[in-house]
2 protein chains.
Amino acid sequence: MPDHQRADARRNYARILAVAEDEVAANGAAASLEQIARVAGVGSATVRRHFPTRRALLEAVSRQRIEALSVRARELTGRGDSRDALLEWLGEVVAYCVSARGLAAALTYDGAGSDPVHDNACSAALEEAAGPLLQRAARDGAVATSVTVADLITLIVGIVLATEHHPDHAVRADRLFRLAVAGLSPRR
Amino acid sequence: MPDHQRADARRNYARILAVAEDEVAANGAAASLEQIARVAGVGSATVRRHFPTRRALLEAVSRQRIEALSVRARELTGRGDSRDALLEWLGEVVAYCVSARGLAAALTYDGAGSDPVHDNACSAALEEAAGPLLQRAARDGAVATSVTVADLITLIVGIVLATEHHPDHAVRADRLFRLAVAGLSPRR
DNA sequence: GACGAAACGGCGGGACCCGCCGTTTCTACC
DNA sequence: GGTAGAAACGGCGGGTCCCGCCGTTTCGTC
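Just so it is clear, the structure is predicted and the values come from calculations on it, not from any experiment. For every chain, the first residue of the written sequence is number 1, and numbering continues from 1 along that sequence. Naming scheme: in the order in which they are written, chains are lettered from A and ligands are numbered from 1. Only residues with pLDDT of 70 or above have their local features reported here, since the model is predicted, and side-chain atom pairs are shown and tallied only from 80 upward, although totals for entire chains, interfaces and linings are computed over all residues.

Asker: How should I be thinking about the overall build of chain A in this particular structure?
Answerer: Each helix and strand in chain A was counted, giving nine helices and zero strands. Numbering of helices and strands starts at the N terminus; helices are DSSP runs of H or I of at least 4 residues and strands are runs of E of at least 2. Counting from the amino terminus, helix and strand elements in chain A follow one another as α-α-α-α-α-α-α-α-α. Every C-beta atom is placed from the backbone, and the number of other C-beta atoms within 10 Å of a residue's own sets its class: buried at 20 or more, exposed at 12 or fewer, partly exposed in between. By the burial criterion, 40% of the 188 residues in chain A qualify as buried.

Asker: When you look at the protein's contact with DNA strand C in this model, what are you seeing that I'm missing?
Answerer: Around DNA strand C sit 21 residues in total, of which A:Asn12, A:Val42, A:Gly43, B:Ala7 and B:Ser32 are the nearest. Mapped by element, the contributors of at least two residues to the surface near DNA strand C are helix H1 (7-27) and helix H3 (44-50) of chain A together with helix H1 (7-27), helix H2 (33-40) and helix H3 (44-50) of chain B. Only Asp, Glu, Lys and Arg are considered charged in this grouping, and only Ala, Val, Leu, Ile, Met, Phe, Trp, Tyr, Cys and Pro are considered nonpolar; every other residue, Gly among them, is considered polar. The residue inventory of the surface near DNA strand C, partitioned by class, reads seven nonpolar, seven polar and seven charged. Nearness here has a simple definition: the residue's C-beta atom, placed using the backbone, must lie within 6 Å of the molecule or strand.

Asker: Which parts of the structure should I look at to understand the protein's contact with DNA strand D?
Answerer: In the vicinity of DNA strand D there are 22 residues, among which A:Ala7, A:Ser32, B:Val42, B:Gly43 and B:Ala45 approach most closely. The set of elements that each furnish at least two residues to the surface near DNA strand D consists of H1, helix H2 (33-40) and H3 of chain A together with H1 and H3 of chain B. Of the residues assigned to the surface near DNA strand D, the class counts are eight nonpolar, seven polar and seven charged.

Asker: Can you help me understand the packing of helix H8 (residues 149-163) of chain B against helix H9 (residues 169-182) of chain B in this one?
Answerer: Describing two packed helices takes the angle between their axes plus the distance from one axis to the other. Residues and elements named next belong to chain B. Orientation is described by axes fitted as lines to C-alpha atoms, over the contacting stretch for helices, and by angles from 0 to 180 degrees between their N-to-C directions. Contact geometry for H8 and H9: axes closest at 9 Å, N-to-C directions at 145°. Read as a crossing pair, H8 and H9 show a hand that is right-handed. Between H8 and H9, the contacting residues are Leu-155, Ile-156, Ile-159, Val-160 and Thr-163 on the first element and His-169, Arg-172, Ala-173, Leu-176, Phe-177 and Ala-180 on the second. Of the residues contributing to the contact of H8 with H9, the split by class is eight nonpolar, two polar and one charged. Handedness of a helix crossing follows the sense of rotation of the near helix relative to the far helix, less than a right angle counterclockwise being left-handed and clockwise being right-handed. Here the contact rule is simple: place C-beta atoms from the backbone, and any two residues whose C-beta atoms are within 7 Å are in contact.

Asker: In this structure, what is going on with the relation of the copies chain B and chain A? I would like to understand it.
Answerer: Two chain copies here: they are related by a rotation about an axis and a translation along the same axis. C-alpha atoms of residues with pLDDT of at least 70 in both copies form the basis for the least-squares superposition of the copies. With an RMSD of 0.1 Å, the operation that places chain B on chain A is a rotation of 180° combined with a shift of 0.0 Å along the axis. Both copies are brought into coincidence by an operation consistent with a two-fold rotation axis. The C-alpha atom lying nearest the rotation axis in chain B is that of B:Gly183; the distance is 1.6 Å. Looking at chain B, 100% of its interface residues are interface residues in chain A too, so the copies touch through the same face.

Asker: Got a minute to help me understand the interface of chain B and chain A in this structure?
Answerer: By a frequent convention, interface size equals the accessible area lost on bringing the separate parts together. On the side of chain A, 33 residues touch chain B, which itself brings 32 residues to the contact. Residue contributions to the side of chain B that touches chain A peak at nine residues, all from H8(B). Residues that form the side of chain B that touches chain A fall into these classes: 20 nonpolar, nine polar and three charged.

Asker: What is the right way to read the packing of helix H5 (residues 82-99) of chain B against H9(B) from this model?
Answerer: Residue and element names in this part refer to chain B. Contact geometry for H5 and H9: axes closest at 10 Å, N-to-C directions at 150°. Here H9 runs roughly antiparallel to H5, going by the angle between their axes. Where H5 crosses over H9, the handedness of that crossing is right-handed. Along its contact with H5, which presents Leu-87, Val-94 and Val-98, the element H9 presents His-169, Ala-170, Ala-173, Asp-174, Phe-177 and Val-181. Grouping the constituent residues of the contact of H5 with H9 by class yields seven nonpolar, one polar and one charged. Note that the term roughly parallel is reserved for angles under 35 degrees, roughly antiparallel for angles over 145, roughly perpendicular for angles of 65 to 115, and oblique for everything else.

Asker: Would you take a moment to explain helix H9 (residues 169-182) of chain A for this structure?
Answerer: Residues lying three or four places apart along an α-helix face the same way, a consequence of the helix completing one turn every 3.6 residues. The length a helix should cover is 1.5 Å for every residue beyond the first. Its 14 residues give H9(A) an end-to-end C-alpha distance of 20 Å, which sits within 8% of 20 Å, the value for a rise of 1.5 Å per residue. Every buried residue of H9(A) is accounted for by A:Arg172, A:Ala173, A:Leu176, A:Phe177, A:Leu179, A:Ala180 and A:Val181. Tucked inside the fold, the buried residues of H9(A) contact helix H5 (82-99) and helix H8 (149-163) of chain A together with H8 and H9 of chain B. Of the residues flanking the end of H9(A), it is A:Gly183, one or two places downstream, whose phi is positive at about 105°.

Asker: Just checking my understanding: could you explain H8(B) for this structure?
Answerer: In this model H8(B) runs 21 Å from its N-terminal to its C-terminal C-alpha over 15 residues, within 8% of the 21 Å that 1.5 Å per residue would give. Across the 15 residues of H8(B), 13 count as buried, placing the element largely inside the fold.

Asker: Even after reading the chapter, I still don't get the environment of A:Glu34, so can you show me in this structure?
Answerer: Position of A:Glu34 among the secondary structure elements: in helix H2. Between the C-alpha atoms of A:Glu34 and A:Thr77, which are 43 residues apart in sequence, the distance is 42 Å.

Asker: Where do I start with the environment of A:Arg38 in this structure?
Answerer: Checked against the element boundaries, A:Arg38 lands in helix H2. Separated by 130 residues in the primary sequence, A:Arg38 and A:Asp168 have C-alpha atoms spaced 32 Å apart.

See below:
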């Protein structure tokens, strides 16, 4: 009945995840796995057993945030002006990525992942949730139909990554995001 | 006459730089400094003596490209339509960053650098060279006057970093760049 | 209560970055 | 052209990290 997992395993999983959240929040996506193991009071092998890759750990840490963003996307779908709704949501994605260290890294596509199937659960979830939001905006002519959710996520992640080490990265990221939304040099 | 540097030091500097170019081209910005030392036939301490930080090495490796882009910026300044000239140059920046591994990393601002003065020689050079190009475009109303060269560089670097691991990162980076130029959702 | 399997964690290996320090090598001066 | 001093070198040890192995412990079931 333990959902095909032993009780101590589940306990350790929770402990590690809790510690990892703190460590990633403190040290970003490059947080030390051994440090996490040490603080959690487990062997480093146990950490890797539960989270085979750093990405897996980051995705687990980011999971709540991703779900919150997914919920928000569904909330905003069909509510108010389609352009405003989309931009509101994208703005929240920026804010989340800026405030939650490691989230942007969790959303980056990693082509090195030899697993071609479910290579990135986080962005996959967001893509699914935000699809309708984007489609509605495209139907209303607010964005080009060729633009995908993955494009928007990648662009935001890039902005966040590039501004991460700036003194006031939050305002810089927001600034660049607005610039990209309005267009660097849109044809009139 | 040895420019206040011993002959063997200059020789080693050149050897290390040449090897570093190959290694960075092959393995990206995370190339192993020890591997570079090994191939160059010097001790790893010598590498660090000439290039105290990884960033210093990346900047040195990127130097020719940066200068080429600077020259190109000056060439394009005042030539043809100001908007076209700026976009042409920015497009070349994208192309360079995509083709020359490590260049994007060399252009990223690193706030952790305790040296507040000349924290990033590469982007500083580009900013200076491209300033007039941007100003002319701004005067002609092609871009908002509040936009800086640093903004544009940071945005491009972000796009490149975020697409770096994609299968066809060159086309994806170009695609996102065009999207940002045109505007994600420009007000009509 | 005992047995089998799942989970654990310590250990060794390899790679890396870093600082130290004795030694080599160049250069300027005699 | 030889030599003294300084500049440069590079090997060594330490610390951290990620990874795989494997004997041991602990849990769940019968």
